Amino acid sequence: MKEQLFRAIDNKKETLWEMADFIFDHPEYDGKEYQASKCLTDYLRDNGFSVEMGVGGYETAFRAVYENGTGGPSIGILCEYDALVGLGHGCGHHMQGPGCLGAAAALKETLADKPYRLVVYGTPAEETRGAKASMIKNGCFHDIDAAFMMHGSPTTCTDVKCLADQSFRVKFYGKRAHAALAPEKGRSAFDALLVAFNGIEFLREHMPDDTRMHYTVSELPGPSNVVPAEAVGTFSLRSFSKKNLEGVVARFYDIIKGAALIAGVSYEVELIHDFYNKIPVLTLNRLLMDNAELAGAPRLSEPREKTGSTDFGNVMYEVPGSCIRVAFVPEGTSSHTQEFVDAGKSQDAHNCIIYGAKAIAGAAFDLIREPGLMAEVKAEFEENRKRFA
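These remarks concern the structure in this document. Computed from a predicted structure; not experimentally measured.

Turning our attention to the sheet that holds strand β3 (residues 74-79). Across the sheet, six strands lie side by side as β1-β2-β4-β3-β5-β12; this open sheet has mixed pairing. Sheet topology places β1 (50-53) and β12 (321-327) at the edges, where each strand pairs with a single neighbour. Taken over all neighbouring pairs, the strand axes of this sheet differ in orientation by 20 degrees on average, direction set aside. Here three bridges tie β3 to strand β5 (residues 146-153), and the two strands are oriented parallel to one another. Counterpart to Ile77 in the pairing with β5 is Phe148.

In structure tokens form, the structure reads like this:
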């Protein structure tokens, strides 16, 4: 039956490639992915899924459902389709939707003798807003027993961990004055921002090894002969432990307060992102990797040691989940680069879609067909939640 499942995906490959190329050629961003979401939901409707648009607070987000019988497991398949501003599809998100939809449609077509439900979630604005985090708060993903994703990569692998991330936009408010004629009348907001940057550097010495802290000036403060009345910076604080990150964030707030006191200015802090570290479920990782190997995916590798942050971590705090990363660019190639863009419509990219679809479909097939496997997944999730949450 799994051969039949994989063959169903192969039979759809031309359509899946056309969808990916269309999304690649029409990059969209920040919750405005109208063409991509229409392309994907049209395909789902044509393949017998009921589709609801505008879920989770985003007009380009969607939830598509197919149910075969009652009482079976509910398998979630999540896809992203936003691009990078100024770069296009430099993270390969144009491949995710077609790969995920190919898996869902093939499962529906070939697996009829067991009860199950497929729930495909379209998740926009991953790069800019981390939409999955707020989608969770707006009721999404609570209707699934396990969540799968796919992503293009230099190697075919899974992740065991990712960095929790809290990112902030800080705005200091000072008092404008002529820097030469009346500097004593001014209060420099930019001084406060520079002090905050230095405070982060002093803090760095006293942080755990896995902590990452970075910052930038978000808006230029103006000419050098004017004491700046406003200054804006963004800060990202990360750790593989959300609990440890809370201590880092508390000290960050003290730094911002202290910088404002030193410069004699006021401030506002806005939380931009709040991404969680992943709760690993190695059983799901194994299922995806076993099926990727069965499908013939290239460059099978151990889980990544160095990882970034993702809003999928928030989903994996709620339900067991795993993402298969499929090789389509040379080893050592970084995402968010021109190299990812240049490879976006290559044959390797097209193959990546098919391998990802087969890995997800095969893993979902195993969860549906094998008695007790979902219970094993949930038990591991609850145990690891105690260790990593």
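Having seen the structure, we can now continue with the description.
Let us look at the pairing of strand β2 (residues 62-68). Burial analysis of β2 places five of its seven residues in the buried class, which makes it a mostly covered element. Here β1 runs beside β2; their pairing, made up of four bridges, is antiparallel. Across the sheet, the residue bridging to Ser50 is Val65, located in β2. In this sheet, strand β4 (residues 116-122) lies alongside β2 in antiparallel orientation, the contact comprising seven bridges. Considered in β4, the bridge of Tyr66 is made with Leu118.

On to the packing of aromatic side chains. As enumerated under the stated definition, the model contains 14 aromatic pairs in all. On the basis of an interplanar angle of 10 degrees and a centroid distance of 5.9 Å, the ring pair of Phe62 and Tyr81 is categorised as stacked. With Phe62 in strand β2 and Tyr81 in the loop between β3 and α4 (96-110), this pair connects stretches of sequence that are 19 residues apart. Take Tyr81: its relative accessible area is 1%, and that puts it in the buried class. Linked through ring pairs, Phe168, Phe197, Tyr215, Phe235, Phe252 and Tyr253 together constitute an aromatic cluster. Here Lys108 stacks its cationic end above the ring of Tyr66, 5.0 Å away from the centre of that ring. Its guanidinium or amino end placed over the ring of Phe240, Lys161 lies 4.3 Å from that ring's centre, counting from NZ or CZ.

Once that is clear, we can look at helix α3 (residues 34-46). Given a rise of 1.5 Å per residue, 13 residues ought to cover 18 Å, and the 18 Å separating the end C-alpha atoms of α3 matches this to within 8%. On the buried face of α3, the contacting elements are α2 (13-25), β1, β2, β3, α4 and β4. Two residues or fewer past α3, Gly48 is found with a positive phi of approximately 85 degrees.

Take the pattern of salt bridges next. In total, this model carries 22 salt bridges according to the counting rule given. For Asp290, the salt bridge goes to Arg286, with nearest N and O atoms at 3.7 Å. Taken together, the positions of Asp290 and Arg286, both in helix α8 (residues 282-295) and four residues apart, correspond to about one turn of that helix. Residue classification places Arg286 among the partly exposed positions, given a relative accessible area of 39%. Connected via shared salt-bridge partners are Asp159, Lys278, Arg304 and Arg325.

About the criteria used
Along each chain, residues carry numbers from 1 onward, in the same order as the chain's sequence is written. Under the rules for a predicted model, residues below a pLDDT of 70 receive no local features and side-chain atom pairs below 80 are neither given nor counted, while totals for whole chains, interfaces and linings still include all residues. Computation of side-chain values covers all heavy atoms of the structure but excludes hydrogens and water. Criterion used throughout: strands pair if DSSP finds at least two bridges between them. Put simply, DSSP marks the helices as runs of H or I at least four residues long and the strands as runs of E at least two long, and each gets a number from the N terminus on. Think of each axis as a best-fit line through the C-alpha atoms, taken over the contacting stretch in the case of a helix, with angles from 0 to 180 degrees between the N-to-C directions. Between buried and exposed lies partly exposed: a residue is buried under 20% and exposed over 50% of the maximum accessible area for its type, with that area taken using a 1.4 Å probe on protein chains only. Aromatic rings from Phe, Tyr and Trp, with only the six-membered ring used for Trp, were paired whenever their centres fell within 6.5 Å, and each pair was classed as stacked if the ring planes differed by under 30 degrees, edge-to-face if by over 60, and tilted otherwise. Criterion for a charge above a ring: Lys NZ or Arg CZ within 6 Å of the ring centre, and within 35 degrees of the ring normal. Residue count minus one, scaled by 1.5 Å, sets the expected span of a helix. Throughout, a residue-residue contact means that at least one pair of heavy atoms, one from each residue, lies within 4.5 Å. In the sections that follow, a salt bridge refers to a side-chain nitrogen of Lys or Arg positioned within 4 Å of a carboxyl oxygen of Asp or Glu.

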